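# Summary of the model geometry
Spelled out from the first residue to the last, the chains are:
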Number of protein chains: 2
Amino acid sequence: MLVIGERINGMFRDVRRAIQGRDKEVIQDLARRQVEAGAQALDINVGTASAEPVEAMLWLVETTQEAVSARLCIDSAKREVFEPALEAYKGRPIINSTTGAQESLDFFLPLALKHDAELIALTIDESGVPSSTEARVEIAMRILVAAMEYGLPPETLYIDPVVLPVSALQDQPGHVLAAIGQFRQLASPPPHIVVGLSNISQNSTERSLINRTLLVMGIAHGLDAALMDPLDTEMMDAMITAELLLNKNLYCDSFLEAYRR
Amino acid sequence: MLVIGERINGMFRDVRRAIQGRDKEVIQDLARRQVEAGAQALDINVGTASAEPVEAMLWLVETTQEAVSARLCIDSAKREVFEPALEAYKGRPIINSTTGAQESLDFFLPLALKHDAELIALTIDESGVPSSTEARVEIAMRILVAAMEYGLPPETLYIDPVVLPVSALQDQPGHVLAAIGQFRQLASPPPHIVVGLSNISQNSTERSLINRTLLVMGIAHGLDAALMDPLDTEMMDAMITAELLLNKNLYCDSFLEAYRR
């Protein structure tokens, strides 16, 4: 399970302030704590914290890779950010994210190839976020076909079925879970499957409980990556236990501690 | 989700003592607390607490149905217990349990028919507990065919894929989960699917965490009943949330409290 730490994002107030004040300590502390908690990759997103998103992203990339050796997941709504950020980052990057819309694929697939990056791909197309399982699977197939045409193998893709808030659209989590099960059948080797977990509990109370329950259900269906908060210990415990039950970590009485070591 | 409370079982020391001392209060208190916590049915098992299992079971049935109106699940390793217990119980019983072995089916299927009972059926046959997904599905099919021959419709069956301790057999939970997904395809309407949840964490630390994680994974695959401890609040919370995410309870901010009301 690839845990991508979500905390270095300008939508969080502490990160926003740190970006604006170029406060390295806050970012590096968040980077270290997420890695210690089990994140193998860190999502890096300026959000709306800066009027100069490219410079802010370069600062975030430098600041983070100074502190930790975890992989970075370059995340932005602004396309001009990617090329310089990917140049500045020294490891193998993850790009977050393309959609299944053709013009998005035509931008991100060559970019991923050029930088030997892995690529998160949301099952969204020109009509927006699909509401059915089937439409998600169709867009995933379209993404896989486009990737193959560009020469990007399926296992470099992280297909994301797009988690929506259960508070607003209660029929959607079931479709997301069914889609996860079907994505794995689309190619061999299969693509990775990722979710942006925290979306499920937007505007809900009981956020941690809802997040970790969806995470465990997703793992049961084949989810193998998540953008999530690794500082949520109960969520990490649930994830470790779900993987234990699928025989992916070796059982011992202290399996939680063993995983963390 | 049918929650079958597991606590009235002679293997627990408090229940054992209560059976031996014919202490109604202990049993009725356990019955009421389990029902208040969300159990719709209560498993009733003398275990080895008495040298007179029929009398002890009759006392347990009378004592429990005096206190609560929840359904009773008559559970015994001794066959002579069932007929008198089913006679004494006034509601629609659940019988726990037949296996897929022919002589077991030939005993329990007519018994269930006679008493208009639902029947838990373990995917165990003459060779014991199967280790593969496929063997579990084959035995489930055999059970369903036998039930149809006796005139018992599939929806009166609770097929149990037999949960084994993860501490001893770490490849088994994955087979159990895969089997759950396949059982639902075997008949229309599908049989119910139940697990004896606590077995998964026998001889483990972190019992509650392991139990509730398997429960959530099972629900993701179509599990709709469990023999479990409803007094474990975190497990009930996880179950309620998993069902919420599958759109089986209506979302509201206080969905945990709403379910419990």
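Structure first, text after, so check above.
Everything numeric in this text was worked out from a predicted model, so none of it was measured.

Bringing the relation of the copies chain A and chain B into the picture now. Of the two same-sequence chains, chain A is brought onto chain B (RMSD 0.0 Å, axial shift 0.0 Å) by a rotation of 180°. As the rotation angle and translation indicate, the two copies are arranged about a two-fold axis. Relative to the rotation axis, the closest C-alpha in chain A is found at A:Met217, a distance of 2.6 Å. When the interface residues of chain A are mapped onto chain B, 100% of them again fall at the interface, so both copies present the same face.

In this section: empty space enclosed by the protein. All names here are of chain A. Taken as a whole and assessed by the stated rule, the structure comprises one cavity of 30 Å³ or more. What the largest cavity holds in volume is close to 30 Å³. Taken together, Val176, Leu177, Ile180, Val195, Leu197, Leu214, Leu215, Gly218 and Leu223 make up the lining of the largest cavity. Of all the secondary structure elements, the ones that give two or more residues to the lining of the largest cavity are helix H7 (172-183) and helix H8 (207-221).

The subject of this paragraph is helix H9 (residues 233-245) of chain B. Taking 1.5 Å per residue as the helical rise, H9(B) with its 13 residues ought to reach 18 Å, and the 18 Å between its terminal C-alpha atoms agrees with that figure. Burial within H9(B) is extensive, with 11 of its 13 residues counted as buried. Along H9(B), the residues that are buried comprise B:Met235, B:Met236, B:Asp237, B:Ala238, B:Met239, B:Ile240, B:Thr241, B:Ala242, B:Glu243, B:Leu244 and B:Leu245. Buried residues along H9(B) sit in contact with H7 and H8 of chain A together with strand E1 (2-9), helix H8 (207-221), strand E8 (225-228) and helix H10 (255-260) of chain B. With a side-chain oxygen lying 3.2 Å from the backbone nitrogen of B:Glu234, the N-terminal cap of H9(B) falls on B:Asp232. Downstream of H9(B) by one or two residues, B:Asn247 has phi in the positive range, about 70°.

This paragraph deals with the sheet that holds strand E3 (residues 71-75) of chain A. Residue and element names in this part refer to chain A. Strand order in this closed barrel of eight strands is E1-E2-E3-E4-E5-E6-E7-E8, and the pairing throughout is parallel. Averaged over all pairs of adjacent strands, the angle between their axes in this sheet comes to 30°, without regard to strand direction. Where strand E6 (residues 157-160) meets strand E7 (residues 192-196), two bridges bridge the pair, whose relative direction is parallel. Across the sheet, Ile159 pairs through a bridge with Ile193, a residue of E7. Along the sheet face, helix H5 (residues 102-114) touches strand E4 (94-99) and strand E5 (118-122) and points at about 160° away from the line of E4.

Facing 36 residues of chain A, the contacting portion of chain B comprises 36 residues. In total, chain A and chain B occlude about 2900 Å² of area from one another, counting both sides; carbon and sulfur atoms represent 66% of this. Scanning the region where chain A abuts chain B turns up zero salt bridges. The interface formed by chain A and chain B includes 14 residue pairs in polar contact (both at pLDDT 80 or more). When contributions to the side of chain A that touches chain B are tallied by element, the ones reaching two or more residues are H7, H8, helix H9 (233-245) and helix H10 (255-260) of chain A. The element best represented in the side of chain A that touches chain B is H8(A), accounting for nine residues. Class assignment of the residues belonging to the side of chain A that touches chain B gives a composition of 20 nonpolar, 11 polar and five charged.

Take the pattern of salt bridges next. Residue and element names in this part refer to chain A. As enumerated under the stated definition, the model contains 22 salt bridges over all chains in all. The closest approach of N and O atoms between Asp14 and Arg7, which form a salt bridge, is 2.8 Å. Here Asp29 ties to Arg33 by a salt bridge, and the two come within 3.3 Å at their closest N and O atoms. Separated by four residues within a single helix, Asp29 and Arg33 lie in helix H2 (residues 24-37), roughly one turn from each other.

About the cut-offs
Counting from 1, residues in each chain are numbered in the order their sequence is written. Think of it this way: whatever chain is written first is A, whatever ligand is written first is 1, and the rest follow in order. Local features in a predicted model are, by the rule used here, given only for residues with pLDDT of at least 70; side-chain atom pairs are given and counted only at 80 or more, and totals for whole chains, interfaces and linings are based on all residues. With hydrogens and water stripped out, all remaining heavy atoms of the structure feed into the side-chain values. Superposition of the copies used a least-squares fit over C-alpha atoms from residues whose pLDDT is at least 70 in both. We call two residues contacting when some pair of their heavy atoms lies within 4.5 Å. Cavities and pockets were defined on a 1 Å grid built from protein atoms only: a cavity is a group of points that admits a 1.4 Å probe but offers it no way out, a pocket is an open group of points flanked by protein on both sides within 12 Å along at least five of seven lines, and a lining residue is one with an atom within 4 Å of any such point. Grid points are joined across faces, edges and corners, and a volume is the space filled by probe spheres set on the points. Numbering of helices and strands runs from the N terminus, with a helix taken as a DSSP run of H or I at least four residues long and a strand as a DSSP run of E at least two residues long. Helix span is expected to be 1.5 Å times the residue number reduced by one. Throughout, exposure labels follow a simple rule: accessible area from a 1.4 Å probe, protein chains only, divided by the maximum for the residue type, with under 20% read as buried, over 50% as exposed, and the rest as partly exposed. We call two N or O atoms a polar contact when they sit within 3.5 Å, provided that within protein one can donate a hydrogen and the other can accept it, with sequence-adjacent residues counted only if both atoms are side-chain atoms. Strand pairing is assigned whenever DSSP identifies at least 2 bridges connecting the two strands. Between N-to-C directions, angles cover 0 to 180 degrees, with each direction set by a line fitted to C-alpha atoms, over the stretch in contact for helices. By convention, the term buried area covers the 1.4 Å-probe accessible surface removed from two parts as they join, with the contributions of both added. A carboxyl oxygen of Asp or Glu within 4 Å of a side-chain nitrogen of Lys or Arg is what we treat as a salt bridge. Throughout this entry, Asp, Glu, Lys and Arg are counted as charged residues, while Ala, Val, Leu, Ile, Met, Phe, Trp, Tyr, Cys and Pro are counted as nonpolar. The remaining residues, Gly among them, count as polar.

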